[in-house]
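Structural overview for review
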Amino acid sequence: FCFPPTALMPRVAAAFVSFLTLSNWINAQSRRMPDVNYQTWIHIFMNLARYTLFASLTQTILAHITLDVCGRRTSRMLDYFARILMPVDFFGFVIVMSFTRGEAAVNTVAILADLNSPLLILLLLCGAWYYNQRLRHQLRTSPFELYNHGRSP
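What this report covers is the structure whose coordinates are included nearby. What you see is a predicted model, and the numbers here were worked out from it, not measured in a lab.

About the criteria used
Residues numbered from 1 in each chain as written. Predicted model: local features only at pLDDT ≥ 70, side-chain atom pairs only at ≥ 80, totals over all residues. Heavy atoms only, no water. Salt bridge = Lys/Arg side-chain N within 4 Å of Asp/Glu carboxyl O. Helix = DSSP H or I, 4+ residues; strand = E, 2+ residues; numbered from the N terminus. Buried < 20%, exposed > 50% of the residue type's maximum accessible area, 1.4 Å probe, protein only. Phe/Tyr/Trp six-rings, centres within 6.5 Å; stacked < 30°, edge-to-face > 60°. Axes fitted to C-alpha atoms, helices over the stretch in contact; angles between N-to-C directions. Parallel < 35°, antiparallel > 145°, perpendicular 65-115°, else oblique. Left-handed = near helix turned anticlockwise from the far one by under 90°. Contact = heavy atoms within 4.5 Å. Nonpolar A, V, L, I, M, F, W, Y, C, P; charged D, E, K, R; others polar.

What about the pattern of salt bridges?
- Summed over the entire model, instances satisfying the criterion amount to one salt bridge.
- The salt bridge partner of Asp 79 is Arg 83, with a shortest N-O separation of 3.0 Å. Within this pair, Asp 79 and its partner Arg 83 are both found in helix H3 (residues 72–98), separated by four residues, close to a single helical turn.
- A relative accessible area of 3% means that Asp 79 is categorised as buried.
- Judged by relative accessible area, which is 36%, Arg 83 ranks as partly exposed.

So, in structure tokens, the structure goes:
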């Protein structure tokens with residue numbers, strides 16, 4: 001997230017190196033754990049971290065595609081929204097996981113962790129689409145007001 005949406009290669013490289021490092025760590029830790037036939041907190045946490053990092057990588061690609069298709073303003077809005085939403089989502093999920101007790105609750109949290117990243121990406125796409133439609137409507141109805149406020153696409 002430190003690089004602007006126009007700098008696709010540094011963003012993808014940083015996210016991909018992080019993803020590979022996390023995958024190696026997950027594999028090393030999984031080999032050290034006993035084999036059990038139920039979900040554990042650490043397995044859910046490692047999968048959540050992997051899915052969140054994959055969602056970040058996907059968001060980077062979507063921000064670059066949005067830059068080409070919809071324009072710089074929509075791409076920056078998508079990127080800004082993801083910078084806030086993704087960390088809040090991850091830490092909120094970890095807080096919920098820390099209060100989870102019982103096998104049924106842990107299984108529910110595991111299912112929610114699996115669905116978290118696709119829903120997060122869908123939410124970001126819907127937000128970008130809505131923002132782009134709002135900008136287009138403002139350009140059609142009151143273009144001078146839009147440009148005077150410095151919110152041009």
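Section: the packing of aromatic side chains
- Summed over the entire model, instances satisfying the criterion amount to three aromatic pairs.
- For the ring pair Phe 45 and Phe 90, a centre distance of 6.0 Å and an interplane angle of 50° mean the geometry is tilted. One end of the pair, Phe 45, is in helix H2 (residues 41–69); the other, Phe 90, is in helix H3, with 45 residues separating them in the sequence.
- The buried category is assigned to Phe 90, whose relative accessible area is 16%.
- Ring centres of Phe 90 and Phe 91 lie 5.4 Å apart, and the angle between their planes is 75°; on these two criteria the pair is classed as edge-to-face.
- Here the aromatic residues Trp 41, Phe 45, Phe 90 and Phe 91 are joined through ring pairs into a cluster of three or more.

What about the packing of H3 against helix H4 (residues 103–141)?
- Contact geometry of H3 with H4 gives a least axis separation of 10 Å together with a crossing angle of 155°. Here H3 is positioned roughly antiparallel relative to H4, judged by the angle of their axes. As for the relative orientation of H3 and H4, their crossing is right-handed in sense. Contacts between H3 and H4 involve Arg 73, Thr 74, Met 77, Leu 78, Phe 81, Ala 82, Leu 85, Met 86, Asp 89, Phe 93 and Met 97 from the first element and Val 109, Leu 112, Ala 113, Asn 116, Leu 120, Leu 123, Leu 124, Gly 127, Ala 128, Tyr 131, Asn 132 and Leu 135 from the second.
- Broken down by class, the residue content of the contact of H3 with H4 amounts to 17 nonpolar, four polar and two charged.

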